[in-house]
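# Survey of secondary and tertiary structure
Listed here are the chains, written in short residue letters.
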Amino acid sequence: MRICVAGGAGYIGSHVSHALVNAGHEVVVFDNLSTGLRTSVPEKATFVHGDVSDPLLSRKTLKGCDAIVYLAASKDAGASMLDPIRYTRNNLQATMSFFDAANDCGVKYVVFSSSAAVFGESQYLPLDEDHPKDPTNYYGYTKLEIERVLAWYDKLLGIKSASLRYFNAAGYDPDGKVTGLERNPANLIPVVMEVACGVRKGMQVFGTDWNTKDGTCLRDYIHVTDLADAHLRALDHLEKGGATFAVNLGTGSGQSVLDVIHAAEKISGRKVNYQAVGRRAGDPEALWASGEKAKQLLGWVPKHSSIESIVETTWNAYKANGLVK
Ligand SMILES: NC(=O)c1ccc[n+]([C@@H]2O[C@H](COP(=O)([O-])OP(=O)(O)OC[C@H]3O[C@@H](n4cnc5c(N)ncnc54)[C@H](O)[C@@H]3O)[C@@H](O)[C@H]2O)c1
């Protein structure tokens, strides 16, 4: 297939683009490089530098494409509460403008990057697809809204889609093809890596009195290589006539903050200095997802998502960037 990967120079998008190229697809990466890196785009992919809100360039790029993988978005849930207009523009208006162009160009399939944030507070664990969807931040609302638009576009326009709800994407390509680090990372694993390699002196652990095995929060970390594999499977499923669907991509279990810190200490051989501080407002105690529906529908089973594999491949990316002295 000829596939346009919008946001394909980003952290997850570059892994997806490499996987699509490896599987023999013709890939066009469309990215404004606001957070993505040109160097992360596979050599065999065509690169178009542009914004998905540009109607002319979008149409020119999408001509002849069978499918789009749509990852272009702003992703900071906290920032979405402080600057909702920016999230309206990028995650709703720009996305819809691109889908408009895709429809004009006869694109048949869409794989959309959705998020665990569509659920809001968990009422039970693991989170499955039937769990109520009630986002607690504007970012999550934008993702849910696009999922709903896609369900309508199937009924009204015949565009088949897959909404893939990632939990905490982590890790780097085990073969070392993608090593581009995220700029100003705020997520736990990059922060732990920065402490291990000395870029940061230390870090804070928010809350050590949660009702969990070691008192720290639990999260579901899913390796980007497993996420990339799910995109391939989703496209294959749609191409074979599968119906529009939404699935959660998680491992079915949670890792604590201390699990991550201890794995990083073991793999790097360095001490991770941290300070235990009070709970942070809005942090849920534990979150993990059932990957059962993705397994049933797509035959998707995470293979790289042990915390050791996630931390090791991330550490290797930090080494490749010369950050480990
Ligand atoms: N990282 C996670 O844990 C996670 C979890 C759930 C969902 N997601 C979603 O997955 C997608 C990819 O996330 P990521 O972690 O790779 O983030 P990222 O910031 O690395 O990737 C986003 C990419 O989209 C590009 N982009 C943004 N707005 C654009 C626009 N208007 N036009 C063209 N390009 C644009 C950026 O330059 C970047 O390359 C996002 O939609 C995000 O909301 C991520």
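Fair warning: this is a prediction, and the values are worked out from it, not measured in the lab.

## Quick notes on the site of the ligand
- Looking at the ligand, there are 27 residues lining it, with Asp31, Thr35, Lys75, Asn90 and Tyr139 nearest.
- The side chain of Thr35 places a nitrogen or oxygen atom 2.7 Å from an oxygen atom of the ligand.
- One of the backbone N or O atoms of Val52 is found 3.0 Å from a nitrogen atom in the ligand.
- Taken by itself the ligand offers 820 Å² of open surface, and the protein chains cover 95% of this.
- Of all elements in the fold, only helix H1 (11-22), strand E5 (109-115) and helix H5 (138-157) reach the threshold of two or more residues within the shell around the ligand.
- Here the shell around the ligand takes three residues from E5, the largest share from any one element.
- Of the residues assigned to the shell around the ligand, the class counts are twelve nonpolar, eleven polar and four charged.

## Quick notes on the pairing of strand E6 (residues 160-166)
- Within E6, six of the seven residues are buried, leaving the element largely enclosed by the surrounding structure.
- Here E5 pairs with E6 via seven bridges, running parallel. Pairing of Ser115 across the sheet is with Tyr166, part of E6.
- In this fold, E5 hands off to H5, which returns the chain to E6; that crossover is right-handed.
- Where E6 lies against strand E11 (residues 245-249), five bridges are found, and the strand directions are parallel. Across the sheet, the residue bridging to Leu164 is Val247, located in E11.

## Details of the packing of aromatic side chains
- Counting across every chain of the model gives six aromatic pairs.
- Pairing Tyr70 with Phe99 gives two aromatic rings, centres 5.4 Å apart and planes at 75°, and the pair type is edge-to-face. Of this pair, Tyr70 sits in strand E4 (residues 67-70) while Phe99 sits in helix H4 (residues 84-104), and the two are 29 residues apart along the sequence. For the pair Tyr70 and Phe99, a shared accessibility class is recorded, and that class is buried.
- Here Tyr138 and Tyr141 contribute two aromatic rings whose centre-to-centre distance is 5.4 Å and whose plane-to-plane angle is 25°, an arrangement assigned as stacked. Within this pair, Tyr138 and its partner Tyr141 are both found in helix H5, separated by three residues, close to a single helical turn.
- Taking relative accessible area as the criterion, Tyr141 reaches 34% and is therefore assigned partly exposed.
- An aromatic cluster is present here, built from Phe30, Tyr70, Phe98, Phe99 and Phe112 joined pairwise through their rings.
- Positioned above the aromatic ring of Trp152, the side-chain terminus of Lys155 is 4.3 Å from the ring centre.
- A cation sits over an aromatic face here: Arg279 above Trp210, 3.8 Å from the ring centre.

Conventions adopted
Residues numbered from 1 in each chain as written. Predicted model: local features only at pLDDT ≥ 70, side-chain atom pairs only at ≥ 80, totals over all residues. Heavy atoms only, no water. Near = heavy atom within 4 Å. Polar contact = N/O pair within 3.5 Å; in protein donor to acceptor, adjacent residues only side chain to side chain. Areas by Shrake-Rupley, 256 points an atom, 1.4 Å probe, with all protein chains shown as cover. Helix = DSSP H or I, 4+ residues; strand = E, 2+ residues; numbered from the N terminus. Nonpolar A, V, L, I, M, F, W, Y, C, P; charged D, E, K, R; others polar. Buried < 20%, exposed > 50% of the residue type's maximum accessible area, 1.4 Å probe, protein only. Pairing = 2+ DSSP bridges. Right-handed = clockwise from strand over helix to strand, strands pointing away. Phe/Tyr/Trp six-rings, centres within 6.5 Å; stacked < 30°, edge-to-face > 60°. Lys NZ or Arg CZ within 6 Å of the ring centre and 35° of its normal.

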